[in-house]
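Listed here are the chains, written in short residue letters.
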Amino acid sequence: TGTLVIGKASQTITFAVMADRAYSTTAIGLGGTTSSGLGVSYSVTSGPATVSGSNLTLTGVGVVTVVASQAGDGNYLAATSVTRTFTVGQATATVTLAGLSPTYDGTAKVATATTEPAGLTVSFTYAGSATAPTAAGSYAVVGTVSAANYTGSATGTLVIGKASQTITFAVM
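Residues numbered from 1 in each chain as written. Predicted model: local features only at pLDDT ≥ 70, side-chain atom pairs only at ≥ 80, totals over all residues. Heavy atoms only, no water.

Visitor: Pulling in residues and values, what's your account of the pattern of salt bridges?
Guide: Pairs may arise between side chains of opposite charge once their charged atoms sit close together. Enumeration according to the criterion identifies 1 salt bridge in this entry. Of the charged contacts in the structure, one is a salt bridge between lysine 109 and aspartate 105, with a shortest N-O distance of 2.9 Å. (Salt bridge = Lys/Arg side-chain N within 4 Å of Asp/Glu carboxyl O.)

Visitor: Any details on the sheet that holds strand β5 (residues 41-46)? Residues and values, ideally.
Guide: A sheet is described by the order of its strands in space; here 4 strands give the open sequence β2-β9-β8-β5, paired in mixed fashion. What marks the edges here is a single partner per strand, and that holds for β2 (21-22) and β5. Strand direction decides the pairing type here: β2 and strand β9 (residues 82-89), joined by 2 bridges, are parallel. Counterpart to arginine 21 in the pairing with β9 is valine 88. (Pairing = 2+ DSSP bridges. Helix = DSSP H or I, 4+ residues; strand = E, 2+ residues; numbered from the N terminus.)

Visitor: Please set out the sheet that holds strand β6 (residues 49-52) residue by residue, giving values where relevant.
Guide: Sheet strands pair via backbone hydrogen bonds, and the direction of the pair is either parallel or antiparallel. Spatial ordering of the open sheet is given by β3-β7-β6, a layout of 3 strands whose pairing is antiparallel. Here the strands that pair on one side only, and so sit at the sheet edges, are β3 (28-29) and β6. Where β3 and strand β7 (residues 55-58) come together, 2 bridges link them in antiparallel fashion. Of the residues in β7, the one forming a bridge with glycine 29 is asparagine 55.

Visitor: Explain the pairing of β9 to me, and be specific about the residues and the numbers.
Guide: Of the strand pairs in this sheet, strand β8 (residues 62-69) and β9 are connected by 7 bridges, and their pairing is antiparallel. Within the sheet, the bridge partner assigned to valine 63 lies in β9 and is threonine 87.

Visitor: Tell me about unusual backbone geometry, and please be specific about residues and values.
Guide: For the bond from glutamate 116 to proline 117, the omega torsion is 5 degrees, close enough to zero to count as cis. Structurally, the position occupied by proline 117 is in the loop between β12 (112-116) and β13 (122-126). A positive phi is found at alanine 127, a non-glycine position, where the angle reads about 50 degrees. Inspection of the secondary structure puts alanine 127 in the loop between β13 and β14 (137-145). Overall, alanine 127 belongs to the exposed group, its relative accessible area being 58%. (Buried < 20%, exposed > 50% of the residue type's maximum accessible area, 1.4 Å probe, protein only.)

This is the structure:
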């Protein structure tokens, strides 16, 4: 008589190379599989991202490293982990300038801006200066996104119109 010993089978992980990409708040499906059919576990070992189940969420720009692993079970050995590294760059934001036609009243006149995605901070220069102009005239305006995960700018012309005058004569 003898004893038949059946050893655990080996398994492999298939986990596609991840391309460099722009920052996004949309979750990324990781999609790894194993030759055994067992589920793949993921972890972020470095970089601005988090993982939940098989979805990766970017939290900033930089280099991200994701590891796919499978620990095995009663029938399969642990698979050799697969590591993927990719770079997350800034996403492009759209900047739309507004408030470019004020009338002179002696106070500084500033442009305004909206962004897509909404709510990003925009810094302005007027004819190359950070100081908003007060005098009537035309000034080149550049509005630039000031956000770690986004880049974008818009240009326009701020035209401060001359104020109307009123001349009053005394009664003669």
